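# Summary of the model geometry
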Amino acid sequence: MGIVRTPDQTLRQYITAKRPIIYINHFDFEAVDRIIKNAAGAFAKRGFKIIEFTESDGWIDFDTKNPKSSSENDLANFLQKINTDQLKGEKKELIVVLKEVHDSLQDKRVYSALQAIARRKGMAKDVPGDYYRVTVIIVDSRLIIPREIEKLITIVDVRPPEPDEIEKILRNVAEAEDGEIDESSMKELVMALNGLSEFEIIQISRLALANDGIINKDDLDLIFDEKRQAIQKSGLLELYYVPAGNDDQKKDIGDFDNLLKYLDGKARIFKNLADAREHGVDSPSGIMLVGMPGCGKSLSVKAVADKFGCPALKMDIGRLLGKYVGESEENLRRSIQVAEAASPCILWIDEIEKAFAGASGGEVMTRMFGYFLTWMQEKKAPVYVLATANNISNLPPEFTRRGRFDEIFKVDLPKGDGIADIFKIHVTKRSGRDLSDDIDFDYLARKCNGKLYSGADIASMVKSAAEIAYLDSDGPRQIEQEDLEDLIRSTTSSCKAQENNESYKRMVDALEKLDSRPVSKNQ
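The structure contained in this document is the topic of the report that follows. In this text, all values refer to a predicted model and were calculated from it rather than measured experimentally.

## Details of the overall build of the chain
In terms of regular secondary structure, the chain is built from 20 helices and 15 strands. For the chain, the proportion of its 523 residues judged to be buried stands at 49%. Across the chain, the fraction of contacts at a sequence separation of at least 24, relative to all contacts at a separation of at least 6, is 79%. Approximately 25500 Å² of the chain is accessible, and the part contributed by carbon and sulfur atoms is 46%.

Right, dumping it as structure tokens:
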């Protein structure tokens, strides 16, 4: 495992290595200012100077934020001044901070000036008369990089505070506001605040103290409300499901006993992550569910969320694709940041094969695919990834390689007891009561033998049976055995209908070859 550096250590390293342009994509400018100051402090012996430019105020003092020159409010002119008026022969590190300038970066005069600064820095030597140490740091809430300067830019990520840093922030806020912290709640609070920025943690802590003067378990709802807002404001992820505090969803996915038993262990680790890590246990990464359409993969998302006791977010890769250079990659990074900020959570990616099947082709999808895999491998935030896929024949082999996901489960067509369970689940939901005394579900399962019915096919038959029962000539009645038997005889399964389809054949063949675990002992 490589050395984990703080943002200021990383920034200092890049400045020392003479990287010309550094991009910090973050909204908390105060926190970034501290990082820049800490990084620049390493050059105190030879001297350093930090100057700043913002679109609203032009050239301003980095420390006081007061305007330095009322006439210098054009970014292109400001950069030209930096390029031509740099003091020669003075051993001084000049750090130029540009804030919220993403719109101006598209201006040819601006990116040309940045190219000139980078070129001059690359050619300069550390000798009197030819000394040119200028580092441009772009600090912006949006990551938009013009293609013309893409190769000149190095991105520095500002990670959220670590658990010990979160605890320190809480204590500092409580002390500053003359409040208290319930020490018995500290672990839960730190876990809930994980993934949020320092700014957000401070804001939530102050609000909690304003309520009753103490930060404790009662403030967890406040934290989760803040996280829900972050999801909604991003517009990149969908809040798909929020558990109601029970484990009833397992009754809705039929015969998934192997999967549910497996999830019991992972959920126990996930809920006690700090303690598990102390015992050398890694955070659960996630699972992939592959199999035939209509067999309950999507329904399992709710079951997983109930098991883990945290919300499920849905990521739609198509929703992330943008029209500008770098926009799609930025959207993916932002959506992952939102998921981490919302952690602990389940991140569901439905039909992942449609998102990344073209990763071997398009340049954008290849970069997004690479970024996602790297994140999966290195993520620390308690985000449990649940990927579902139907046709994996076109999915890059890197995705199904061991180590990306904790486990790959195969969801096959239900058999025997599994079919009976699914009939019973849907009949009970539509009737509002258990009809086991009136309907022989085991007999219905035997009647379905060899017909290749999926869970969705069975659900559809029960739906039709409910309509038939309601529209009965003698008036509405309960679903009866004969209704379901008639529908079994007259219904062709969705899988049977596609048996001669070449794409379907490739999908079935790929599923048979995949090394995976069945979700049920009956499959």
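## Concerning the packing of aromatic side chains
Applying the stated criterion across every chain yields a total of nine aromatic pairs. Look at F27 and F199: their rings are 5.9 Å apart centre to centre, the planes differ by 85 degrees, and that puts the pair in the edge-to-face class. Remark: F199 occurs in helix α7 (residues 198-212) and F27 occurs in the loop between β1 (21-25) and α2 (29-40); sequence separation between them is 172 residues. Overall, F27 belongs to the partly exposed group, its relative accessible area being 40%.

## Overview of the sheet that holds strand β6 (residues 153-155)
Picture the strands of a sheet paired through backbone hydrogen bonds; they go either parallel or antiparallel. Pairing is mixed across the open sheet formed by six strands, whose spatial order is β3-β2-β4-β5-β1-β6. Single-partner strands in this sheet number two, and they are β3 (58-61) and β6. The mean angle between the axes of side-by-side strands here comes to 25 degrees, regardless of whether they run parallel or antiparallel. Both strand β4 (residues 93-99) and strand β5 (residues 134-140) contribute to a ladder of six bridges, which runs parallel. Counterpart to L94 in the pairing with β5 is V134. α2 rests against β1, β2 (48-54), β4 and β5 of the sheet, and its axis sits at about 170 degrees to β4.

## Here's the deal with the environment of D225
Looking at where D225 falls in the secondary structure, it is placed in helix α8 (residues 220-234). Separated by 117 residues in sequence, D225 and A342 have C-alpha atoms that sit 9.8 Å apart.

## Looking at α8
Along its 15 residues, α8 runs 21 Å from first to last C-alpha, staying within 8% of the 21 Å computed at 1.5 Å per residue. Along α8, the positions that sit buried rather than exposed are L220, L222, I223, K227, A230, I231 and S234. Where the residues of α8 are buried, they touch α6 (186-193), α7, β9 (237-241), β11 (312-315) and α13 (327-341). Where α8 terminates, the next one or two residues include G235, which has phi positive at roughly 70 degrees.

## Thoughts on the packing of α6 against α8
Two quantities define a packed helix pair, namely the angle between the axes and the distance from one axis to the other. Where α6 contacts α8, the axes come no closer than 10 Å and their chain directions differ by 5 degrees. In terms of orientation, α6 and α8 fall into the roughly parallel class. For the pair α6 and α8, contact is made by E188, L189, A192 and L193 and by L220, I223, F224 and K227, respectively. Residues that form the contact of α6 with α8 fall into these classes: six nonpolar, no polar and two charged.

## Let's talk about the pattern of salt bridges
Counting across every chain of the model gives 23 salt bridges. Of the charged contacts in the structure, one is a salt bridge between D33 and K65, with a shortest N-O distance of 2.8 Å. Residue D33 is found in helix α2, and its partner K65 is found in the loop between β3 and α3 (75-85); the two are separated by 32 residues along the sequence. Under the relative-accessibility criterion, D33 is labelled buried at 13%. Here the salt bridges share partners, and the residues they tie into one network are D33, E52, K65 and K99.

## What about the nonpolar core?
Grouped together as the largest cluster of nonpolar side chains are 36 residues, with contacts concentrated most on M288, M315, F372 and F399. Secondary-structure elements contributing two or more residues to this core are β10 (286-291), β11, α12 (317-320), α13, β12 (345-349), α15 (363-378) and β13 (383-389). Counting residues per element, this core draws most heavily on α15, at seven residues. When residues no more than four places from it in sequence are discounted, the contact partners of M315 are L237, L320, L332, S335, I336, L347, W348, I349 and D350.

## A short note on unusual backbone geometry
Residue S343 is joined to P344 through a cis peptide bond whose omega torsion reads 5 degrees. You can see P344 is positioned in the loop between α13 and β12. A positive phi angle, close to 60 degrees, is found at L452, a residue other than glycine. Position of L452 among the secondary structure elements: in the loop between α17 (441-447) and α18 (455-470).

Parameters at a glance
- Residues numbered from 1 in each chain as written.
- Predicted model: local features only at pLDDT ≥ 70, side-chain atom pairs only at ≥ 80, totals over all residues.
- Heavy atoms only, no water.
- Helix = DSSP H or I, 4+ residues; strand = E, 2+ residues; numbered from the N terminus.
- Buried < 20%, exposed > 50% of the residue type's maximum accessible area, 1.4 Å probe, protein only.
- Contact = heavy atoms within 4.5 Å.
- Areas by Shrake-Rupley, 256 points an atom, 1.4 Å probe, with all protein chains shown as cover.
- Phe/Tyr/Trp six-rings, centres within 6.5 Å; stacked < 30°, edge-to-face > 60°.
- Pairing = 2+ DSSP bridges.
- Axes fitted to C-alpha atoms, helices over the stretch in contact; angles between N-to-C directions.
- Expected span 1.5 Å × (residues − 1).
- Parallel < 35°, antiparallel > 145°, perpendicular 65-115°, else oblique.
- Nonpolar A, V, L, I, M, F, W, Y, C, P; charged D, E, K, R; others polar.
- Salt bridge = Lys/Arg side-chain N within 4 Å of Asp/Glu carboxyl O.
- Core = buried A, V, L, I, M, F, W, Y, C linked by side-chain atoms within 4.5 Å.

All we've got here are geometric facts, nothing functional implied.
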